[in-house]
Amino acid sequence: MNQDKLLKDISVLLSQAEGRIKLALSGRITGLPEAQIEVEKAAVKLCQWNETALPRIGEPEGKPVLPPSEIGGKMEVNLFGWVHITLYTLLPNCRYRTPEFLQQTISRLLQSYTRTKGPLPWFEKALLVINEHCDLRNRQVFDQDNKGWKAIPNAIKGVVVPDDDQFTLEMALLSTLDKMPSCHIYILPAEEAGDFFALRTGQYGFSL
């Protein structure tokens, strides 16, 4: 995609969002969900622009446009061989659509791990655990079907699991009371589900 077009698209999206936010400041808050979508789309396009700015294979490699960062979250393969992704925010409110920004964030964390630390684990049949750390003050959306968790199976399909159908990818949506909001995502072999939930109790000296 043309770099100039990407930058123009980003500018338009941010201008639209800014207009809606100004209206909200004057008391008309109905456009804030649309402003959130526009900012998320702008962020995704900015990620795409940064990718096009990287040097091509064979070209001398200079300093990156932006230093690597873990603003959105971090990822590890823990001592059990499970994928563990930590997001520094809660799942977005997503009553009608899958949040593209969340899917993009997880995809970039997985790609960054592959580039810097090596191959990711592969699970023919897996358990996906999504555990939100929150409390009644920092969480406003409590219905699981109104949260944007569907972006997570989309992001890991074909990367650590072959598919996201119900026979390949089992799921658990959990919550942990915590004053510091975050979202912990685990991907592990389905046959080790019992081990996960046993460790989650904390009685074995290891807390998830």
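Let me sum up the structure you'll find in this document. Because the structure is predicted, anything quoted here is derived from the model rather than measured.

Glancing now at the overall build of the protein chain. When you go through the protein chain residue by residue, the secondary structure sums to five helices and five strands. Reading the protein chain from its N end, one meets helices and strands in the order α-α-β-β-α-β-α-β-β-α. Across the 208 residues in the protein chain, those meeting the buried criterion constitute 38%. Look at the contacts in the protein chain between residues 6 or more apart in sequence, and 74% of them connect residues 24 or more apart.

Where a protein is soluble and globular, its nonpolar side chains tend to be buried together. Ranked by size, the top nonpolar core spans 26 residues in total, and within it I85 and I106 carry the most contacts. For this core, the secondary-structure elements that each account for two or more residues are β2 (83-87), α3 (100-117), β3 (126-134), α4 (151-156) and β5 (182-189). Once you skip the residues sitting within four places of it in the chain, I85 turns out to touch K74, M75, I106, L109, L110, C183, H184 and I185. Of all hydrophobic cores here, the second largest spans eleven residues; its members include V129, L174, A193 and L208.

Quick look at the packing of aromatic side chains now. On inspection of all chains with the given rule, the structure shows four aromatic pairs. On the numbers, 4.9 Å between centres and 35 degrees between planes, the contact of F80 with W82 is tilted. Residue F80 is classed as partly exposed on the basis of its relative accessible area, which comes to 32%. An aromatic cluster is built from F80, W82, Y186, F196 and F197, whose rings are joined through pairwise contacts.

Moving on, we come to the pattern of salt bridges. Taken as a whole, this structure holds six salt bridges when the rule is applied. The partner of E132 in a salt bridge is K147, with the nearest N and O atoms 2.7 Å apart. Of this pair, E132 sits in strand β3 while K147 sits in the loop between β3 and α4, and the two are 15 residues apart along the sequence. Note that K157 and D163 form a salt bridge whose closest N and O atoms lie 3.6 Å from each other. For K157, a relative accessible area of 42% translates into the label partly exposed.

Counted under the stated rule, the structure contains zero disulfides. Left unpaired, C134 is separated from the closest cysteine sulfur, that of C183, by 9.2 Å. According to the relative accessible area criterion, C183 is buried, its value standing at 0%.

The mixed open sheet is built from five strands, whose spatial order is β1-β2-β5-β3-β4. The two strands at the open ends of the sheet, each matched to only one other strand, are β1 (73-77) and β4 (169-177). Ignoring strand direction, the axes of neighbouring strands in this sheet form an average angle of 15 degrees. Pairing of β2 with β5, which is carried by five bridges, proceeds in the antiparallel orientation. Note that in β5 the partner of T86 across the bridge is H184. Helix-sheet contacts for helix α5 (residues 193-200) involve β3, β4 and β5, and the interaxial angle to β4 is about 0 degrees.

Right, let's talk about a nonpolar patch on the surface for a bit. Together, I21, L25, I29 and L32 line one region of the surface with nonpolar side chains, adding up to about 410 Å² of accessible area. Examined against the element boundaries, L32 turns out to sit in helix α2 (residues 32-52). For L32, a relative accessible area of 37% gives the class partly exposed.

The sheet contact formed by β1 and β2 spans five bridges and is antiparallel. Paired with K74 across the bridge in β2 is T86. The antiparallel hairpin formed by β1 and β2 contains five residues in its connecting segment, where G81 sits at a positive phi of about 85 degrees.

Cut-off values and rules
Residues numbered from 1 in each chain as written. Predicted model: local features only at pLDDT ≥ 70, side-chain atom pairs only at ≥ 80, totals over all residues. Heavy atoms only, no water. Helix = DSSP H or I, 4+ residues; strand = E, 2+ residues; numbered from the N terminus. Buried < 20%, exposed > 50% of the residue type's maximum accessible area, 1.4 Å probe, protein only. Contact = heavy atoms within 4.5 Å. Core = buried A, V, L, I, M, F, W, Y, C linked by side-chain atoms within 4.5 Å. Phe/Tyr/Trp six-rings, centres within 6.5 Å; stacked < 30°, edge-to-face > 60°. Salt bridge = Lys/Arg side-chain N within 4 Å of Asp/Glu carboxyl O. Disulfide = S-S within 2.5 Å. Pairing = 2+ DSSP bridges. Axes fitted to C-alpha atoms, helices over the stretch in contact; angles between N-to-C directions. Patch = residues over 30% accessible without salt bridge, like charges linked within 9 Å, V, L, I, M, F, W, Y side chains within 5 Å. Areas by Shrake-Rupley, 256 points an atom, 1.4 Å probe, with all protein chains shown as cover.

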